[in-house]
Amino acid sequence: MLTKFETKSNRVKGLSFHSKRPWILASLHSGVIQLWDYRMGTLIDRFDEHDGPVRGVHFHKSQPLFVSGGDDYKIKVWNYKLHRCLFTLLGHLDYIRTVQFHHEYPWIVSASDDQTIRIWNWQSRTCISVLTGHNHYVMCASFHPKEDLVVSASLDQTVRVWDIGALRKKTVSPADDILRLSQMNTDFFGGVDAVVKYVLEGHDRGVNWASFHPTLPLIVSGADDRQVKIWRMNDTKAWEVDTLRGHMNNVSCVLFHARQDIIVSNSEDKSIRVWDATKRTGLQTFRREHDRFWILSAHPEMNLLAAGHDSGMIVFKLERERPAFSVSGESVFYVRDRFLRAFEYSTQKDTQLIPIRRPGSNGLNQGPRTLSYSPTENAVLVCSDVDGGSYELYVVPKDSYGRGDTVQEAKRGSGGSAVFVARNRFAVLEKSSNQVLVKNLKNEIVKKSVLPIATDAIFYAGTGNLLCRAEDRVVIFDLQQRIVLGDLQTSFVRYVVWSQDMESVALLSKHSIVIADKKLVHRCTLHETIRVKSGAWDDNGVFIYTTLTHIKYCLPNGDSGIIKTLDVPVYVTKIFGNTIFCLDREGKNRPIIIDSTEYIFKLSLLRKRYDQVMSMIKNSELCGQAMIAYLQQKGFPQVALYFVKDERTRFNLALESGNIEKALESAKKIDEKDYWYRLGVEALRQGNTGIVEYAYQKTKNFERLSFHYLITGNLDKLSKMMKIAEVKNDVMGQFHDALYLGDVRERVKILENAGHLPLAYITASVHGLNDIAERLAAELGDNIPSLPEGKKASLLIPPSPVMCAGDWPLLMVSKGIFEGGLDDTGRDAHEDYEEAADADWGEALDIDEVDKMQNGDITMALDEEDVHNENDEEGGWDLEDLDLPPDAETPKTASSARSSVFISPTPGMPVSQIWVQRSSLAAEHAAAGNFDTAMRLLSRQLGICNFAPLKSQFIDLHLGSHSYLRALTSAPVISVAVERGWSESASPNVRGPPALIFSFSQLEEKLRAGYKATTAGKFSEALRHFLAILHTIPLIVVETRREVDEVKELIVIVKEYVLSLQMELKRRELKDDPVRQQELAAYFTHCNLQLPHTRLALMNAMTVCFKAQNMSTAANFARRLLETNPSIENQAIKARQVLQAAERNMRDATEINYDFRNPFVVCGATYVPIYRGQKDVTCPYCGTHFVPSQQGQLCTVCDLAAIGSDASGLLCSPSQIR
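Only a predicted model underlies this, so the values are computations on that prediction, with no experimental measurement involved.

Turning our attention to the overall build of the chain. A count of helices and strands for the chain gives 31 helices and 61 strands. Of the contacts made within the chain by residues no fewer than 6 positions apart, 49% connect residues no fewer than 24 positions apart.

The next thing to look at is the sheet that holds strand β42 (residues 465–469). If you trace the 4 strands from one edge of the open sheet to the other, you get β41-β42-β43-β44, paired in antiparallel fashion. Only two strands of the sheet have a single partner each, and these edge strands are β41 (457–460) and β44 (483–489). Recorded for the sheet is a direction-independent mean angle of 25° between the axes of neighbouring strands. By the bridge criterion, 4 bridges tie β41 to β42 in an arrangement that is antiparallel. What sits directly across from Ile 458, in β42, is Cys 468.

Moving on, we come to the side chain of Thr 243. Along the chain, Thr 243 falls in strand β21 (residues 238–245). Here Thr 243 falls in the buried class, since its relative accessible area comes to 13%. At a separation of 3.0 Å, a polar atom in the side chain of Thr 243 contacts the side chain of Lys 229. Among the polar contacts listed, one links the side chain of Thr 243 to the side chain of Glu 240, at a separation of 2.9 Å.

Counting across every chain of the model gives 38 salt bridges. Note that Arg 936 is salt-bridged to Asp 932, the shortest N-O span being 3.7 Å. Here Arg 936 and its partner Asp 932 are both found in helix α23 (residues 931–942), 4 residues apart, which amounts to about one turn of the helix. Overall, Asp 932 belongs to the partly exposed group, its relative accessible area being 44%. The salt bridge partner of Arg 1076 is Glu 1079, with a shortest N-O separation of 3.1 Å. Within this pair, Arg 1076 and its partner Glu 1079 are both found in helix α28 (residues 1074–1084), separated by 3 residues, close to a single helical turn. Pair check on accessibility: Arg 1076 and Glu 1079 agree, each one buried. One continuous salt-bridge network, built from bridges that share partners, spans Glu 6, Lys 8, Arg 288 and Asp 291.

Okay, the packing of aromatic side chains next. All chains considered together, the criterion is met by 34 aromatic pairs. Measuring from centroid to centroid gives 6.0 Å for Phe 420 and Phe 426, while their planes differ by 75°, and the two rings are edge-to-face. Looking at Phe 420, the relative accessible area reads 4%, which means it is buried. Centroid distance Trp 537 to Phe 543: 5.1 Å. Interplanar angle 55°. Geometry classified as tilted. For the residue pair Trp 537 and Phe 543, the accessibility class agrees, reading buried in each case.

Let us look at a nonpolar patch on the surface. On the surface, a nonpolar cluster with roughly 350 Å² of combined accessible area is contributed by Ile 955, Leu 959, Tyr 964 and Val 973. As for its position among the elements, Leu 959 is in helix α24 (residues 951–960). Judged by its relative accessible area of 46%, Leu 959 falls in the partly exposed class.

Moving on to the confidence of the model for the chain. When pLDDT drops low, the exact placement of atoms in the prediction is not to be read closely. Per-residue confidence for the chain gives a mean pLDDT of 83; residues scoring 70 or more make up 88%. Throughout residues 825–900 the model reports pLDDT below 50, and contacts reaching past four residues in sequence, or to other chains, amount to 131 contacts.

A word on the UniProt feature "repeat: WD" (unreviewed entry) in the chain. UniProt's entry tags residues 47–88, 89–130, 131–164, 200–241 and 244–285 with the feature "repeat: WD" (unreviewed entry), counted in the numbering of this structure. Secondary structure across residues 131–164 divides into 0% helix and 59% strand, with the first and last C-alpha atoms of the span separated by 10 Å.

With that out of the way, let us pick up unusual backbone geometry. Positive phi outside glycine occurs at Gln 348, with the angle close to 55°. Positionally, Gln 348 belongs in the loop between β31 (339–344) and β32 (349–355). The phi dihedral of Asn 434 is positive, around 55°, even though this residue is not glycine. Within the secondary structure layout, Asn 434 lies in the loop between β38 (425–430) and β39 (435–440). Asn 434 sits in the buried class, given a relative accessible area of 17%.

All right, on to the nonpolar core then. In this structure, Leu 938, Phe 1026, Ile 1033, Tyr 1181 and Cys 1198 are the most contacted members of the largest nonpolar core, which totals 89 residues. Here the element with the most residues in this core is helix α27 (residues 1041–1069); it accounts for 10 residues. Every residue in contact with Cys 1198, bar those within four places of it in the chain, is listed here: Leu 1030, His 1031, Cys 1179, Tyr 1181 and Cys 1182.

To continue, consider helix α13 (residues 731–741). When α13 is considered as a whole, its buried residues turn out to be Gly 733, Gln 734, Asp 737, Ala 738 and Tyr 740. Taken around the axis of α13, the buried residues stretch over an arc of 160°, which confines them to a single face. Against the buried residues of α13 lie α11 (702–712), α12 (715–727) and α14 (744–753). Of the residues one or two after α13, Gly 742 is the one with positive phi, at around 75°.

Let us now look at the packing of α28 against helix α29 (residues 1091–1107). Contact pair α28 / α29: the axes reach a minimum separation of 8 Å and the direction vectors enclose 155°. It follows that α28 is roughly antiparallel to α29 by the angle criterion. As α28 runs across α29, the sense of the crossing is left-handed. Between α28 and α29, the residues in contact are Gln 1077, Gln 1078, Ala 1081, Ala 1082 and Phe 1084 and Ala 1097, Asn 1100, Ala 1101, Val 1104 and Cys 1105, respectively. Its residues assigned to classes, the contact of α28 with α29 comprises 7 nonpolar, 3 polar and no charged.

With that settled, consider the sheet that holds strand β22 (residues 251–256). One key point about sheets: their strands pair by backbone hydrogen bonds, in either a parallel or an antiparallel sense. Spatial strand order, β22-β23-β24-β25: 4 strands in an open sheet with antiparallel pairing. The two strands at the open ends of the sheet, each matched to only one other strand, are β22 and β25 (282–287). Pairwise comparison of adjacent strand axes, ignoring direction, gives a mean angle of 15° for this sheet. Where β22 lies against strand β23 (residues 262–267), 5 bridges are found, and the strand directions are antiparallel. Bridged to Val 254 within β23 is Ser 265.

Attention now goes to the pairing of strand β35 (residues 390–395). Buried residues dominate β35, accounting for 5 of its 6 residues. Sheet analysis places strand β34 (residues 379–384) next to β35, joined by 6 bridges and oriented antiparallel. Bridge assignment links Cys 383 to a residue of β35, and that residue is Tyr 391. Where β34 folds back onto β35 in an antiparallel hairpin, the turn is made up of 5 residues, including Asp 387, whose phi is positive at roughly 50°.

Attention shifts here to the side chain of Ser 604. Relative to the helices and strands, Ser 604 resides in helix α3 (residues 597–606). Engagement of the side chain of Ser 604 in a polar contact is seen with the backbone oxygen of Ile 600, the distance being 2.8 Å. In this structure, Ser 604 is in contact with Arg 609, Gln 612, Val 613 and Met 616, ignoring residues within four places of it in sequence.

To continue, consider the packing of α12 against α13. Direction vectors running N to C along α12 and α13 enclose 160°, while the axes themselves pass 8 Å from each other. When the axes of α12 and α13 are compared, the pair comes out roughly antiparallel. Considering the relative orientation of α12 and α13, their crossing is left-handed. Along its contact with α12, which presents Leu 715, Leu 718, Ser 719, Met 721, Met 722, Ala 725 and Glu 726, the element α13 presents Gly 733, Gln 734, Asp 737, Ala 738, Tyr 740 and Leu 741.

This paragraph deals with the pairing of strand β10 (residues 96–101). Burial within β10 is extensive, with 6 of its 6 residues counted as buried. Pairing analysis gives 5 bridges linking β10 to strand β11 (residues 107–112), with the strands arranged antiparallel. Note on β11: the bridge partner recorded for Thr 98 is Ala 111. Counting the residues that bridge the hairpin from β10 to β11 gives 5 residues.

A rise of 1.5 Å per residue sets the reference length of helix α31 (residues 1129–1144), with its 16 residues, at 22 Å; its end C-alpha atoms lie 24 Å apart and thus fit the reference within 8%. Inspection of α31 places Gln 1131, Ala 1132, Ala 1135, Val 1138, Leu 1139, Ala 1141 and Ala 1142 among the buried residues, and these make up the whole buried set. Buried-residue contacts for α31 involve α29 and α30 (1111–1123).

Turning to a positive patch on the surface, a few remarks are in order. A contiguous patch of positive charge, built from Lys 673, Lys 698, Lys 700 and Lys 728, is present on the exposed surface. Checked against the element boundaries, Lys 673 lands in helix α9 (residues 673–686). We classify Lys 673 as exposed; its relative accessible area is 60%.

When you line up the elements, Ile 33 lands in strand β4 (residues 33–37). Here Ile 33 falls in the buried class, since its relative accessible area comes to 0%. In sequence terms Ile 33 and Val 57 are 24 residues apart; their C-alpha atoms lie 8.4 Å from each other.

Definitions and limits used
- Residues numbered from 1 in each chain as written.
- Predicted model: local features only at pLDDT ≥ 70, side-chain atom pairs only at ≥ 80, totals over all residues.
- Heavy atoms only, no water.
- Helix = DSSP H or I, 4+ residues; strand = E, 2+ residues; numbered from the N terminus.
- Contact = heavy atoms within 4.5 Å.
- Pairing = 2+ DSSP bridges.
- Axes fitted to C-alpha atoms, helices over the stretch in contact; angles between N-to-C directions.
- Buried < 20%, exposed > 50% of the residue type's maximum accessible area, 1.4 Å probe, protein only.
- Polar contact = N/O pair within 3.5 Å; in protein donor to acceptor, adjacent residues only side chain to side chain.
- Salt bridge = Lys/Arg side-chain N within 4 Å of Asp/Glu carboxyl O.
- Phe/Tyr/Trp six-rings, centres within 6.5 Å; stacked < 30°, edge-to-face > 60°.
- Patch = residues over 30% accessible without salt bridge, like charges linked within 9 Å, V, L, I, M, F, W, Y side chains within 5 Å.
- Areas by Shrake-Rupley, 256 points an atom, 1.4 Å probe, with all protein chains shown as cover.
- pLDDT = per-residue confidence, 0-100.
- UniProt positions renumbered as here; feature names shortened; annotations may be inferred.
- Core = buried A, V, L, I, M, F, W, Y, C linked by side-chain atoms within 4.5 Å.
- Arc of directions from axis to C-beta.
- Parallel < 35°, antiparallel > 145°, perpendicular 65-115°, else oblique.
- Left-handed = near helix turned anticlockwise from the far one by under 90°.
- Nonpolar A, V, L, I, M, F, W, Y, C, P; charged D, E, K, R; others polar.
- Expected span 1.5 Å × (residues − 1).
- Lys, Arg positive; Asp, Glu negative; His and termini not counted.
- Charge placed at Lys NZ, Arg CZ, Asp CG, Glu CD.

Given below as structure tokens:
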């Protein structure tokens, strides 16, 4: 059972699917009717007018209506578009059990506990027939899907079939008079519109449900005797065919499945059972813990069922409808009707290849689930859920194309999933042991690999690689090296789709899509409310996918959108240009033509292919608010400008992209105060004084205009402003203008006219206008204000402007591709603006009384003509410039650009960024200063988790790959990147990798110094040298593969020395533990050292054991020493003496943990031997062995890596990556 949707609610008693929309009605015991969208999983509406439980509900096939019947004896007809009940049908005298619309006539049939069945006409809203005959509650009644029959079931233990042919005739043609007469009679005396055709007796208890077969003359019924009975009928009689037993309680509902030859029943025993209608055997049972089932409903068109129970309902399918398919090259291989078929895309030819036996089991969901194909061997793996998961291997004979009749015996096996991983190898998942079996085409196991995570399915991930899926993550596993190549946390993945070049993968879950690269590095995640069904990659790297209802696209950056709406779900197999090839649920191949303009346009924007964007804008019909919003959101308002016809939107976009000319055009057309104000604000921000002035004039904003003239130093216009203020009788404005101009006489005059004589007097006397002051004093008489004593007056006059400020100077920059190429309006915009600025704006102010002032005087013409020429090509600072080469069609800028104008160079990409992008070597990331990525690389490659010892190396690398120059005293220091292998002849545009301060030759010198110190017995100093080598190797870069091998060899040598020296230093600390001293001295001899050092170690061990009276062990060391042919005579003499002494007394005084006969390695942390065959863990960097308890600890030898962690291996040369 595949559950598609579940609800939690009160007990569900009635269910009905909508025939076209993804809706289902559920009527509840609480009296509420719910309308659900089972695709989106949302409650659309609820209807709450019945009093008490609603037991029956049904959608009309074509009208926006549904009918409901409840325990309040009412039948209600609702219009779901108007969200209301249209009318109520009254007539039943007890609870109503079921209601149903007729598929053709305007009828409703209802069954009731009043022992009758009624048929109603919902157009005339009357009862047209009452069917009486049952003598107990009628539990259900329904129309036959094709014929004029009604079936009903009752607690009187019978099922009745009624013939309503007479009723139909009456409804269809009551034209003749004679008929009309008989109709009047029947209305008086009760008619015979419906007669009982058969009474089916056979159940021992009350019958709860009966329903017709959609096409055959069959009836199925379910009753309180826990049985399901099948009945057949002909024209004259009906009889019982068979009984299905198995339910443990009353059977509440039963029906034939329209699509498959099965019967579905449910019961109060909390189960749904599926029966084979021909064999009449049980196929499957689905149980719930606590909920009794009450009702079943089948979708009229689709393969969906719904069941209502005590605490809600479920919408489910019995079988998957997705055909198993596999795309290979130009064909898709798929299974349909028990045949393997191939469809060629180029010719659109469909051929039947071979028959595939469907397993003999009679369960559901046993069909092929997945398919895997090997093109070279022409072999096919078909996986299904039979016996808990099994596969079949077929080899398609080359000559069988087109015939498809040869039956061949398949090679079988059990396993969760099976996929080809190479030409003639396939992998099978064995869930019980969590391992993968690799088999050949003879179905023989070649190899077994234990998987790194608890896997429940495997998918192909490139030759030799598997994508393993767990509940919450997926990993890519390399079967050859048995390592994990990538790991990603995701929700439960159902399908995996690789791009053609295997560089990208889409992981499809039920409601999300995760896009990642081939190493499972996450790129983006998309969430869908409607279930995701399939997907494929197109040639541009766009992922096209389908949900139940739409074909959609996903761009590499995670932007998505709808391409097309679907009527029925399809499964995308392949995409060629504008054609999507799909398989539908019938297993037919369908090409769907799509319009890819929208996503190609967005992709071009994303990839900065502006030439394509240009041509698409010019040639195609891209439009719509969504596209404008997208361009705005992505920072291309200047492109959106060319789509838009609405002036207000154009104005907003022009302001956003800083295009003042375009904004001015729109503002003129809109001509509203608010828009002029906003234009003024933007022009002021860009320093475009002409337009600021024009905008202020348009809004008659005189205060701002006056201040603007003050700031720009335009005194002529300021004095005109003062006259205008006088004419308009704006005293305050006039006074301000006088103040701005520094015109004292005018200020005194204004104050005097306004009646402020004391203020006028003070102003005049302070500024030394004595004649006016005396005249005013005479007028004031005794009220002359006194000036403060001892204060010195200072003159308040604004400084006169040295020059009149025009527009701010702008940098000359090459136009962005969009301005030049799209600008058809740019040619005449300037003239238009000139004319606007020179316009006559006096009339609007009604200035007629000002003497000697023609309107022409008050023009706000732009004085700074020369400044304007420079400003001609560009409006404001074009902040949105894309620094692209100018388009061929726009010579305008070039012709008028002066050679002396400075063009700011475009900043390139910083060298450090180039280094990081090109390299996966940790040393080069550290040199670029990207320490975090360098640390991440080292962690991934070598398992390093302790970076403290590497800190100084990182800093040295970074400083060493840069040089620093002083430019000017006030300027900061300029850092210059130093490149490896730079030469004069190299192109200046091509960046080499960084120069690194650590080289392999330095390490060899350090190694020699370490050897020297070891020979001299300076163990601490030697250890320091060897550790320095181990700490430098992760950050070394060499050129050739041979040098890479040398570096790896060096790690092994140095590791042996570090381990042996650490043991020797430990031994010297242990003064009072002779046994442990002997053990450590013995282990020292088993480290892989240079020959002279091995001899010294053997001498040392021999001496220690001899002194402790362990003669047998000492003799062993003496023997080993003599086998090395020591060049120093003294060593050989001593060894012989020890041997002689030991032969007299061949025994050990104390027992030590040392067995020289059994090969071993020494644990780097506990210094105990790990003999061959014992479990151990290793350090991923230096390779030292440890006892298993050290797993996850820091390696004591290299002091860098975590013991036993996963790592991909040392990467120290570009040659390893190529």
